[in-house]
Amino acid sequence: MESVNKTDFKPRIEENYLKIVLVGDSNVGKTTLLNALVGSGETGRGYSVSLEIPIEIKKGDKKELVVGRIYDLRSQRYFPFLHSLYYNNAKGAIIVFDITDKNSFKSLTKWRDIIWGHVGNIPLLVCGNKTDLKNSNEEQVFQQEVLALIKSFSKNRAMKTTYIELSAEKRIIAYTAEKMKKSQLKDIYPTIDAFRDPFVHWIKGLAKKT
Ligand SMILES: Nc1nc2c(ncn2[C@@H]2O[C@H](COP(=O)(O)OP(=O)(O)OP(=O)(O)O)[C@@H](O)[C@H]2O)c(=O)[nH]1
Ligand SMILES: [Mg+2]
């Protein structure tokens, strides 16, 4: 008896896109981060490029396919006038700074204000990049400073601001503020999938919230 249409019994899958904007001062490594999440190669051409990270989440008894789409402006310094369009409809934002560049750390508050000014208080993921240069640079930003600032960002917010310290160039995750499984707490993530893990985790949180 194969007459029943089996697809009727599959869980309903809905496709949603979550727009995530990537911001931060020039030269902090935003494009390098996007490329690291892709694994290799080009993410596209034009003034803005995007990367899609599909994830599956459960809402009640229903499964949903959610696609996190991370946008990067190519050399944003040339396109400041695009900002309003760029932020339109964003559901989350990744703010990158360079742990060896204090000014880029000081800019975090500016970026938060720009984002929240355009689209309201969407969740933020802060990335401290270039952790591979930590030991060779005395000007570095200390983790306690970052965590204190992030805590202040998280006050009275539905979703806490998260912190990840990483090297986009070497594809290393050095620290995540989120509690993760023990197997994921190694200093060096050997594969692309593992490098993506904390990002996927954050996007899942975003998807559940929206
Ligand atoms: N050592 C080290 N260098 C990095 C890392 N990530 C990026 N860089 C370098 O930093 C420079 C800037 O990187 P980009 O990814 O172009 O920076 P961006 O934020 O996209 O810059 P704009 O597009 O101009 O805003 C490049 O020379 C990268 O090779 C990292 O994790 N470690
Ligand atoms: Mg760039």
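Residues numbered from 1 in each chain as written. Chains lettered and ligands numbered in written order. Predicted model: local features only at pLDDT ≥ 70, side-chain atom pairs only at ≥ 80, totals over all residues.

### Focus on the overall build of the protein chain
Link 1 in the chain: The helix and strand tally for the protein chain stands at five helices and seven strands.
Link 2 in the chain: Ordered by position from N to C terminus, the α and β elements of the protein chain give β-α-β-β-α-β-α-β-α-β-β-α.
Link 3 in the chain: Each of the 210 residues in the protein chain was classed as buried or not, and the buried ones make up 34%.
Link 4 in the chain: A fraction of 71% describes how many contacts in the protein chain between residues 6 or more apart in sequence connect residues 24 or more apart. (Helix = DSSP H or I, 4+ residues; strand = E, 2+ residues; numbered from the N terminus. Buried ≥ 20, exposed ≤ 12 C-beta atoms within 10 Å, placed from the backbone. Contact = placed C-beta atoms within 7 Å.)

### Considerations on the site of ligand 1
Link 1 in the chain: Around ligand 1, a shell composed of 18 residues is seen, among which Gly29, Lys30, Thr31, Thr32 and Glu169 lie nearest.
Link 2 in the chain: By residue number, the principal contributor to the shell around ligand 1 is helix α1 (residues 30-38), which donates three residues.
Link 3 in the chain: Tallied by class, residues from the shell around ligand 1 come to three nonpolar, 10 polar and five charged. (Near = placed C-beta within 6 Å. Nonpolar A, V, L, I, M, F, W, Y, C, P; charged D, E, K, R; others polar.)

### Some remarks on the nonpolar core
Taken as a class, soluble globular proteins show a tendency for nonpolar side chains to be buried jointly.
Link 1 in the chain: Membership of the largest hydrophobic core comes to 44 residues, with the highest contact counts inside it found for Ala93, Ile94, Ile95, Val96, Val126 and Cys127.
Link 2 in the chain: Here this core gets six residues from one element, more than from any other, and that element is helix α5 (residues 192-209).
Link 3 in the chain: Contacts of Ile95, omitting those with residues within four sequence positions, involve Val23, Gly24, Leu108, Trp111, Arg112, Leu124 and Val126. (Core = buried A, V, L, I, M, F, W, Y, C linked by C-beta atoms within 7 Å.)

### A look at unusual backbone geometry
Phi is mostly negative for residues that are not glycine, and the peptide bonds are mostly trans.
Link 1 in the chain: Even without glycine at this site, Lys130 takes up a positive phi of about 70 degrees.
Link 2 in the chain: By secondary structure assignment, the location of Lys130 is in the loop between β5 (124-129) and α4 (143-154).
Link 3 in the chain: Looking at Lys130, the number of C-beta atoms within 10 Å reads 24, which means it is buried.

### With respect to the confidence of the model for the protein chain
In low-pLDDT regions, the fine details of the predicted coordinates are not to be read closely.
Link 1 in the chain: Per-residue pLDDT for the protein chain has a mean of 81; in total, 75% of the residues score no lower than 70.
Link 2 in the chain: For residues 1-11, every residue scores under 50 in pLDDT, and the model assigns this stretch two contacts once sequence neighbours within four places are set aside.
Link 3 in the chain: Low pLDDT (under 50) marks residues 185-189, which in the prediction has eight contacts with non-local residues, meaning those over four places away or in another chain. (pLDDT = per-residue confidence, 0-100.)

### Things to note about the pairing of strand β4 (residues 92-98)
Link 1 in the chain: Burial analysis of β4 places seven of its seven residues in the buried class, which makes it a mostly covered element.
Link 2 in the chain: Going residue by residue along β4, you find Gly92, Ile94, Val96 and Asp98 tucked away on one face and Ala93, Ile95 and Phe97 tucked away on the opposite face as well.
Link 3 in the chain: Bridge count between β4 and β5: six bridges; the pairing is parallel. Looking across to β5, one finds that Ile94 is bridged to Leu125. (Pairing = 2+ DSSP bridges.)

### Side note on the environment of Asp72
Link 1 in the chain: Inspection of the secondary structure puts Asp72 in strand β3 (residues 62-73).
Link 2 in the chain: Overall, Asp72 belongs to the buried group, with 24 C-beta atoms counted inside 10 Å.
Link 3 in the chain: Residues Asp72 and Leu51 lie 21 residues apart in sequence; the distance between their C-alpha atoms is 8.6 Å.

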